[in-house]
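Here's the letter readout for the chains.
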2 protein chains.
Amino acid sequence: MFEAAEVGRKLEKEIYKAQIPVLRAELLDAQQQLLNAKFPVIVLFAGVDAAGKSETASLLNEWMDPHWIVTRGYTDPSSEELERPRLWRYWRDLPPNGRIALFLSAWYSSPIRNRVARRITNAEFDVLLDEVVDFERTLTDDGAIILKFWMHLGKAAQKKRFKAWEKDPLQRWRVSRDSWRHWEMFDKFVAAADRAIRRTSTDHAPWQIVEGEDERYRSVAVGTALRDAIRRGLERVPSHHRVIKSKNTRKTGGLGPALERLERDFNVLDRLDMNQRLDAKHFDEALERQQGRLNLLQRKAQEKGISTILVFEGWDAAGKGGAIRRITGAVDARDYQVIPISAPTDEEKARHYLWRFWRHLSRSGRITIFDRSWYGRVLVERVEQFATEDEYRRGYGEINHFEEQLVGHGILLVKFWIHITKDEQLRRFRDRKRTEYKRWKITPEDWRNRGRWGEYTMAVNEMVARTSTRVAPWTLVEGNDKNFARIKVMKTLADCMEKRLKKG
Amino acid sequence: MFEAAEVGRKLEKEIYKAQIPVLRAELLDAQQQLLNAKFPVIVLFAGVDAAGKSETASLLNEWMDPHWIVTRGYTDPSSEELERPRLWRYWRDLPPNGRIALFLSAWYSSPIRNRVARRITNAEFDVLLDEVVDFERTLTDDGAIILKFWMHLGKAAQKKRFKAWEKDPLQRWRVSRDSWRHWEMFDKFVAAADRAIRRTSTDHAPWQIVEGEDERYRSVAVGTALRDAIRRGLERVPSHHRVIKSKNTRKTGGLGPALERLERDFNVLDRLDMNQRLDAKHFDEALERQQGRLNLLQRKAQEKGISTILVFEGWDAAGKGGAIRRITGAVDARDYQVIPISAPTDEEKARHYLWRFWRHLSRSGRITIFDRSWYGRVLVERVEQFATEDEYRRGYGEINHFEEQLVGHGILLVKFWIHITKDEQLRRFRDRKRTEYKRWKITPEDWRNRGRWGEYTMAVNEMVARTSTRVAPWTLVEGNDKNFARIKVMKTLADCMEKRLKKG
């Protein structure tokens, strides 16, 4: 989930300087029009310390007309507030129609902190989160627009930021003993945040994870998102508040192209070290070792009735099939099934898109391998516009919910994206054309998909950002060298099985 | 919640016989058109044993073309099913677009049974229920129509039914030892059902509670609801699945008028014994006693910091004000506030309708008396069409959720509907016109409201059905005799406070 917000996005100073006046004018204009609208805009800032929550809120006040903005930061409830139900103070501060509210450390804060401190169980945490979902839905059903920004920094980046502040006499005050205490609990905090974001990222009030390291980037990311949300709100048909236009809303305005380029250039895929290789000798050794491990582990899993589900996604010609065969080669044929996913059948088309995956869930103790999967919803269906924006956006939550049920049932779920570079793909396509027995593998569709590399990259990046959860993380596999990729897949799988078996 | 389904609705045999062929033709026609539609219809039957769940499902199969109906009853999961996540068997059985599925004892069954048997905590119960809400939303977001019928019988009526069956050699098999064991746990079962219905009655898949005692009534109630739901589904704009026409959908077709009359004639209000009176002497004694109790109880509540919120609703001239004054007369002026609710101010209109009530929540230890309340949403706003059908239907869930938060915070919430008959109201209106100092109390609006007595009655009945929950039940007060009503209100309040104080 947070991988996609630790890729080092930076916006160049010149672009920022040149474009910011345009964005500010657009924001002011949107704010002006909003004043006459029949709905409020509620912006939540949450996230990691030092990721720029309050700085961004201040900046928005600077960029827009602060008269019509309410900014509230919450600390521990006062005795006045403790005497009322938990949400009372937020209800009290709700902005009227036409206004914008910026809330810091609001209704997500205490549930997350209580979970990190283990004062509540996961079930109790979920109940609080669901209460929040109901609250937000009550507001959006009434027309309100809710934007939720999770400002993120990696653990190392946070440390760096604290250290830098400590050295600066003007910033020193920002770092307290609490800051370091929180830093120590970074992993627990992020685990609770992961659960909260997963459970409360609904289609009416989705979370947006913003990389907070670069001030220019995060400011622009939040500013444009706010501008677009207000514009979309103003475009709605007033009588049906809940219908959001389903055409793909392209980013417009001066910074649009720069931001789009940023999203394309800074992504989880391009951070992979694609030069990793494994020579034939080491490959043979490693293959033997990992296949032996897998065989043993699967036999144990079979005994214990623990099922494994593998998801393989990746570019055309990335080598999914080869990786799958190395796994199936290691286990008893009765213990696995491979489900290749292509266009749905008539029977499947007549039902919810998840139905076809539910039906393939195996009895316990087996391995089910999906060669492409439910992620088609947010990849090919998104890019080819087979699914509307509404549908694929809903898809993230539906998929997370589906996977939670699998994992909650005790199933081990391992998801691989096999990555190759665009050049490598071209090489493989040409190779396939030349080789008689591989020719069937390459179709005109493959060439067409290749033409949409940039769009797919953005879709993959968002997929990782929204569905790489604690319960079911993505493993990104550097696939330019097939040997390396195959071993990485097998080793990852074996490690996961080992861990799962230990839990019993 | 279930009060409104224990009023003894009966449909006369002649009407039933004459109209049933029309309803069947309409159902068949709707089913025929549905076949070409791009969505399925899922009907859930849950409820009390012997309330006609399976009989109604069979009847629908008889009335419509069973080729296109899937009927499934679920028992304990098989070993096959236990090896998959809980919802797997329901996913497997989902009907394709164009078809109808009738599910008995489906996804609500095991959570409720587990809660009744105390195998899970309330928090765990809530998590399971929220999982179900997500599941249903996944389906309805995709276009599916979900109808959930809770077939209800009172405890006594259920016993009667079992006894009758036991005497009938042809029906004897229906009553097992389990039946009686369940009957013993009736109250626990109903408490769990109350929570489940409250938490899962969403605007996309609301529950409908059907009184199950009279076979003709329940069959027609379910049949017309199914017909109307299919028709509404077919009328939707296909590209925006989720927009349900917000005009009030009137019941049409042959049985419409008969059913509407039934809903109007059989309601919780008309079952009240309106002849109850209290003479002056007994009134004075009782008043003194109850005021003394209240004074003492409120002082204890103040010490312990326990707040009380009172809701007064009722017909114009029902005597809300008089009842309120008898309460305020008994407690310290610093300990209460009366909030009269009339048309919202500009400030209130610019926000969610619940905002004005949240802002009036008092500090702990006080009594807050709402003279009319948030129930305006589902009463006057419904009848006068100030709120759209979507809005007031959503209102039930929003109100329940609001009240849950109050009660969850430790607040005692007591809700009164003061009832008078239409004749009595007329008498009081005339009296007010004659009495100089009462003349201001009667306005043309009162006369207009009076003209909508039937519509208001139906709104009150539905309000009780949907918001009289375990955590915040309605008390219906027979108000034709003011003395009787005042004492009943005070005694109820004092009893509730006593109970609440005992919990600490």
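Residues numbered from 1 in each chain as written. Chains lettered and ligands numbered in written order. Predicted model: local features only at pLDDT ≥ 70, side-chain atom pairs only at ≥ 80, totals over all residues. Heavy atoms only, no water.

Asker: Lay out the overall build of chain A with the relevant residues and their values.
Answerer: A count of helices and strands for chain A gives 21 helices and 10 strands. For 504 residues, the compact-globule estimate of 2.2 N^0.38 gives 23 Å, and the C-alpha radius of gyration of chain A, at 24 Å, lies within 12% of that figure. Seen along its three principal axes, the alpha-carbon backbone of chain A occupies a region of about 70 × 55 × 50 Å. Counting all 504 residues of chain A, 56% fall into the buried class. Pairs at least 24 residues apart make up 82% of the contacts formed inside chain A by residues separated by at least 6 positions. Total accessible area on chain A is roughly 22100 Å²; 50% of this is exposed by carbon and sulfur atoms. Averaging the coordinates of the 93 positive side-chain charges in chain A and doing the same for the 74 negative ones gives two points 2 Å apart. (Helix = DSSP H or I, 4+ residues; strand = E, 2+ residues; numbered from the N terminus. Rg over C-alpha atoms; globule rule 2.2 N^0.38 Å. Buried < 20%, exposed > 50% of the residue type's maximum accessible area, 1.4 Å probe, protein only. Contact = heavy atoms within 4.5 Å. Areas by Shrake-Rupley, 256 points an atom, 1.4 Å probe, with all protein chains shown as cover. Lys, Arg positive; Asp, Glu negative; His and termini not counted. Charge placed at Lys NZ, Arg CZ, Asp CG, Glu CD.)

Asker: Let's hear about the packing of aromatic side chains: which residues, and what values?
Answerer: All names here are of chain A. Under the counting rule described, the total for this entry stands at 56 aromatic pairs over all chains. Measuring from ring centre to ring centre gives 6.4 Å for Tyr392 and Tyr396, while their planes differ by 85°; the resulting arrangement is edge-to-face. Taken together, the residues Tyr392 and Tyr396, both in helix α17 (residues 389–408) and four residues apart, mark about one turn of the helix. Judged by relative accessible area, Tyr392 falls into the buried class, the value being 4%. Over the aromatic face of Trp88 sits the side chain of Arg84, whose NZ or CZ is 4.1 Å from the ring centroid. The cationic tip of Lys155 hangs over the ring face of Trp183; the distance from NZ or CZ to the ring centre is 4.8 Å. (Phe/Tyr/Trp six-rings, centres within 6.5 Å; stacked < 30°, edge-to-face > 60°. Lys NZ or Arg CZ within 6 Å of the ring centre and 35° of its normal.)

Asker: Account for the interface of chain A and chain B, naming residues and giving values.
Answerer: Contacts between chain A and chain B engage 52 residues on the former and 53 residues on the latter. Counting the surface lost from both chain A and chain B, the interface buries some 4900 Å², and carbon and sulfur atoms represent 52% of this. Counting the contacts that link chain A with chain B gives six salt bridges. Elements with a minimum of two residues in the side of chain A that touches chain B: α3 (79–82), α4 (88–92), α6 (122–141), α15 (355–358) and α17 of chain A. Split by residue class, the side of chain A that touches chain B holds 20 nonpolar, 10 polar and 22 charged. (Buried area = accessible area lost by both parts, 1.4 Å probe. Salt bridge = Lys/Arg side-chain N within 4 Å of Asp/Glu carboxyl O. Nonpolar A, V, L, I, M, F, W, Y, C, P; charged D, E, K, R; others polar.)

Asker: Talk me through the relation of the copies chain A and chain B; I want residue IDs and the actual numbers.
Answerer: Relating the two copies of this chain is a rotation about some axis coupled with a shift parallel to it. The transform that puts chain A on chain B rotates by 180° and translates by 0.0 Å along the axis, for an RMSD of 0.0 Å. What we have between these two chains is a two-fold relation. (Least-squares fit on C-alpha atoms with pLDDT ≥ 70 in both.)

Asker: How would you summarise the pairing of strand β3 (residues 100–104) of chain A if you had to cite specific residues and measurements?
Answerer: Residues and elements named next belong to chain A. Burial analysis of β3 places five of its five residues in the buried class, the great majority of the element. Residues Ile100, Leu102 and Leu104 of β3 are buried on one face, and the alternating residues Ala101 and Phe103, pointing to the opposite face, are buried as well. Here strand β1 (residues 41–47) runs beside β3; their pairing, made up of five bridges, is parallel. From the neighbouring strand, Leu44 faces β3, where its bridge partner is Phe103. (Pairing = 2+ DSSP bridges.)

Asker: Tell me about the pattern of salt bridges, residues and numbers included.
Answerer: A complete count under the given rule lists 96 salt bridges over all chains for this structure. With a shortest N-O distance of 3.4 Å, Arg198 of chain B and Asp194 of chain B are connected by a salt bridge. With a gap of four residues between them, Arg198 of chain B and Asp194 of chain B both fall in helix α9 (residues 186–200), about one helical turn apart. Across this residue pair, the class does not change: Arg198 of chain B and Asp194 of chain B are buried. Measuring nitrogen to oxygen at the nearest pair gives 3.7 Å for the salt bridge that ties Arg448 of chain B to Glu384 of chain B. Residue Arg448 of chain B is located in helix α19 (residues 444–451), and its partner Glu384 of chain B is located in the loop between α16 (380–383) and α17 (389–408); the two are separated by 64 residues in the primary sequence. For Arg448 of chain B, a relative accessible area of 44% puts it in the partly exposed group. Residue classification places Glu384 of chain B among the buried residues on the basis of a relative accessible area of 16%. Taken together, the salt bridges that share partners define one network made up of Arg72, Glu81, Arg89, Arg92 and Asp93 of chain A.

Asker: Lay out the packing of helix α1 (residues 13–34) of chain A against helix α2 (residues 53–63) of chain A in plain terms, naming residues and giving numbers.
Answerer: All names here are of chain A. Packing of α1 against α2 brings their axes to within 10 Å, and their N-to-C directions diverge by 70°. One element, α1, and the other, α2, form an angle in the roughly perpendicular class. Two secondary-structure elements touch here, α1 through Tyr16, Ile20, Leu23, Arg24, Leu27 and Leu28 and α2 through Leu59, Glu62 and Trp63. Split into classes, the residues belonging to the contact of α1 with α2 amount to seven nonpolar, no polar and two charged. (Axes fitted to C-alpha atoms, helices over the stretch in contact; angles between N-to-C directions. Parallel < 35°, antiparallel > 145°, perpendicular 65-115°, else oblique.)

Asker: Mind laying out the sheet that holds strand β4 (residues 145–152) of chain B, listing which residues take part and the relevant values?
Answerer: All names here are of chain B. One open sheet accounts for five strands, arranged β2-β3-β1-β4-β5; its pairing is parallel. The outermost strands of the open sheet, each flanked by one partner alone, are β2 (69–73) and β5 (207–211). This sheet shows a mean twist of 20° between the axes of neighbouring strands, independent of strand direction. Two strands pair when backbone bridges link them, and β4 and β5 are joined in this way by five bridges, in the parallel orientation. The residue of β5 that forms the bridge with His152 is Glu211.

Asker: Could you give me a rundown of the sheet that holds strand β4 (residues 145–152) of chain A, with the residues and numbers involved?
Answerer: The strands that make up a sheet pair up through hydrogen bonds in the backbone, lying either parallel or antiparallel. Residue and element names in this part refer to chain A. Pairing in this open sheet of five strands is parallel, and the strands run β2-β3-β1-β4-β5 from one edge to the other. The open sheet has two edge strands, β2 (69–73) and β5 (207–211), and neither has a second partner. Within the sheet, the average angular offset between the axes of one strand and its neighbour, ignoring direction, is 20°.

Asker: Before we move on, could you go through unusual backbone geometry and cite the residues and values that matter?
Answerer: In this structure, Arg118 of chain A is a non-glycine residue whose phi angle is positive, near 60°. Tracing the chain through its elements places Arg118 of chain A in the loop between α5 (109–116) and α6. Phi is positive for Ala317 of chain B, close to 70°, though the residue is something other than glycine. Inspection of the secondary structure assignment puts Ala317 of chain B in the loop between β6 (308–314) and α13 (320–328).

Asker: Summarise the pairing of strand β3 (residues 100–104) of chain B; cite the residues concerned and give the values.
Answerer: Examined bridge by bridge, β2 of chain B and β3 of chain B share five bridges and lie parallel to one another. Along β3 of chain B, the bridge assignment pairs Arg72 of chain B with Phe103 of chain B.

Asker: Mind laying out the side chain of Ser362 of chain A, listing which residues take part and the relevant values?
Answerer: Tracing the chain through its elements places Ser362 of chain A in the loop between α15 and β8 (367–371). For Ser362 of chain A, the side chain forms a polar contact with the side chain of Thr368 of chain A, separated by 3.4 Å. Once you skip the residues sitting within four places of it in the chain, Ser362 of chain A turns out to touch Ser307, Gln337 and Thr368 of chain A together with Glu83 and Arg84 of chain B. (Polar contact = N/O pair within 3.5 Å; in protein donor to acceptor, adjacent residues only side chain to side chain.)

Asker: Please give an account of the environment of Glu260 of chain A that cites residues and values.
Answerer: Residue and element names in this part refer to chain A. With respect to the element layout, Glu260 can be found in helix α11 (residues 256–265). The exposure class of Glu260 is partly exposed, given its relative accessible area of 24%. Distance from Glu260 to Phe103, taken between C-alpha atoms, is 27 Å for residues 157 residues apart in sequence.

Asker: Summarise the environment of Leu278 of chain A; cite the residues concerned and give the values.
Answerer: All names here are of chain A. Along the chain, the position of Leu278 falls in the loop between α11 and α12 (280–304). Between the C-alpha atoms of Leu278 and Leu501, which are 223 residues apart in sequence, the distance is 29 Å. The contact partners of Leu278, leaving out residues within four places of it in the chain, are Phe283, Asp481, Asn483, Phe484 and Ile487.

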